[in-house]
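# Topology and contacts: notes
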Amino acid sequence: MTPSTEDKTQFLTDQLNELKSQGLFNTIRTIDSPMDAHIVIDGRRMLNFCANNYLGLANHPRLKDAAKRAIDTYGIGPGAVRTIAGTMSLHTQLEQRLAAFKGADAVITMQSGFTANLAVIPALVGKEDVIFSDRLNHASIIDGCRLSRATIVAYEHNDVDDLRRKIAETTDYRRRLIISDGVFSMDGDIAPLPQLYEVAQEHNILLMVDDAHGEGVLGKGGRGIVDHFDLHGKVDVEVGTMSKAFGVVGGLIAGKQVIIDWLRQRARPFLFSSAMTVPDVAACLEAVDMLETSDELVKRLWSNAAWFKERMKALGYDIGHSETPIVPVMLGEASTAQQFSRKLFENGIFAMAITFPTVPQGKARIRVMNSAAHSPSDLEEALVVFEKVGKELQVIS
Ligand SMILES: *Cc1c(COP(=O)(O)O)cnc(C)c1O
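Below is a short write-up of the structure. (Residues numbered from 1 in each chain as written. Predicted model: local features only at pLDDT ≥ 70, side-chain atom pairs only at ≥ 80, totals over all residues. Heavy atoms only, no water.)

## Considering the pairing of strand 2 (residues 44–48)
Judged from the 4 bridges that link them, strand 1 (residues 38–41) and strand 2 form a sheet pairing that is antiparallel. Residue Ile39 lies in a different strand from strand 2, and its bridge partner there is Met46. (Pairing = 2+ DSSP bridges. Helix = DSSP H or I, 4+ residues; strand = E, 2+ residues; numbered from the N terminus.)

Shown next as structure tokens:
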């Protein structure tokens, strides 16, 4: 047989070209500095409104010191998965401290928030079961649901009546699970968790919330959405991340002891993938320490966000219905949002345009991520640029 000369990856080249021709090809900026309020891109100092670094911990001296000290004691890597190579006392300590901080029975950590969802959903439900999932849930929840092979029933976003209807219509199942994002990252709205809990109780359905954008943001001193609604011990599973407000990387699952015990036996990303690295764990421990002793950063985050939202509204911007420090600046067409983002960039502001398919057609926006790292003068500077660019593009008058 003569070997084929056909290019086996031509379909990828075609697809990439198609993305480029539709203006949907994602070019990732290179940052030549720590992640902070100001970052360096292409040799230019930019004011950063893109990161989920809500509390400015990503480059905090206390976290950096803690990571360095831990490396001297424990080295870098965990060696293998925890069930085989053993678990470092540092990891166990972080889980205990997180559980105490959040007022949960127990916590298990994962490599990321994404893997936390892949870990917990298939460990709780399987193909005889059904999952009720908010239509706007995060991709990692959707993937965790698919991996479980359970039937997935999507209910309308934050619509508890629709959830009730869908539950009533769904009769063939073994077990049931309701899953919602805590904070929806594109609009900054919060799930109606007390109502979801009511429904879950009425029908004896497991309840899970993914609080990635609420961890370190919502609740007393950043203790998360369960604390925010005072639902301790009532939500079966609370997923969180340490890659956003905590400024590091890593996922967590908080809940009843029996659920966490089960995950240590059966969660596949726990059994078959190594744990967080030593510096990550040490930095997260330091973050918990900081949050437990002071709510100063959380307060500054919220007051920065309140000020920014107020001023943007006063300029005449439509900033949606965010209840959190996420500010969607609604611009409509994708091309407007992209042009807006480019002009912000030219003026020293780094803020991303979010377009279809991440948000619906015609709902393109700039997403402004507030942070405790921003100083009052940073915010003033951003406002001046938003006013200038908005007038240039005739988004505001
Ligand atoms: C960001 C996010 C994740 C992923 O968290 P990582 O720690 O970055 O993997 C999961 N779920 C939700 C809702 C998120 O917003």
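## Things to note about the packing of aromatic side chains
Here the structure, examined in full by the defined rule, presents 6 aromatic pairs. Ring centres 6.0 Å apart and planes at 75° place the aromatic pair Phe308 and Phe386 in the edge-to-face group. Here Phe308 is found in helix 13 (residues 296–315), whereas its partner Phe386 is found in helix 15 (residues 376–392), with 78 residues between them in sequence. Of the two residues, Phe308 and Phe386, neither departs from the other in class, the shared state being buried. (Phe/Tyr/Trp six-rings, centres within 6.5 Å; stacked < 30°, edge-to-face > 60°. Buried < 20%, exposed > 50% of the residue type's maximum accessible area, 1.4 Å probe, protein only.)

## A look at the layout of surface pockets
In this approach the atoms are scanned with a rolling probe the size of a water molecule, which exposes any empty space left behind. Empty space within the largest pocket amounts to approximately 1,200 Å³. Lining of the largest pocket is provided by 36 residues; of these, Asn26, Thr27, Met352, Ala353 and Ile354 occupy positions nearest its centre. Every element with two or more residues in the lining of the largest pocket is listed here: helix 14 (334–346), strand 12 (352–354) and strand 13 (364–369). Looking at the lining of the largest pocket element by element, the count peaks at 4 residues for helix 14. (1 Å grid on protein atoms, 1.4 Å probe; cavity = no way out; pocket = protein on both sides within 12 Å on 5 of 7 lines; lining within 4 Å. Points joined across faces, edges and corners; volume = space filled by probe spheres on them.)

## Considerations on the packing of helix 13 against helix 15
At a minimum axis separation of 11 Å, helix 13 and helix 15 run at an interaxial angle of 20°. With respect to their mutual orientation, helix 13 and helix 15 come out roughly parallel. Where helix 13 crosses over helix 15, the handedness of that crossing is right-handed. Here Asn304, Trp307, Phe308, Arg311, Met312 and Leu315 of helix 13 lie close against helix 15, whose contacting residues are Leu379, Glu380, Ala382, Leu383, Phe386 and Glu387. Of the residues assigned to the contact of helix 13 with helix 15, the class counts are 8 nonpolar, 1 polar and 3 charged. (Axes fitted to C-alpha atoms, helices over the stretch in contact; angles between N-to-C directions. Parallel < 35°, antiparallel > 145°, perpendicular 65-115°, else oblique. Left-handed = near helix turned anticlockwise from the far one by under 90°. Contact = heavy atoms within 4.5 Å. Nonpolar A, V, L, I, M, F, W, Y, C, P; charged D, E, K, R; others polar.)

## Description of the site of the ligand
Near the ligand, the surroundings consist of 13 residues, among which Gly113, Asp210, Thr241, Ser243 and Lys244 are the closest. One of the side-chain N or O atoms of His138 is found 3.4 Å from a nitrogen atom in the ligand. Thr241 has a polar side-chain atom sitting 2.5 Å from an oxygen atom of the ligand. When the free accessible area of the ligand is taken as 380 Å², the share hidden by the protein chains comes to 86%. Element by element, the count of residues in the shell around the ligand is highest for helix 5 (residues 113–124), at 3 residues. Here the shell around the ligand is built from residues that sort into 2 nonpolar, 8 polar and 3 charged. (Near = heavy atom within 4 Å. Polar contact = N/O pair within 3.5 Å; in protein donor to acceptor, adjacent residues only side chain to side chain. Areas by Shrake-Rupley, 256 points an atom, 1.4 Å probe, with all protein chains shown as cover.)

## What about unusual backbone geometry?
For the bond from Phe356 to Pro357, the omega torsion is 10°, close enough to zero to count as cis. Here Pro357 lies in the loop between strand 12 and strand 13.

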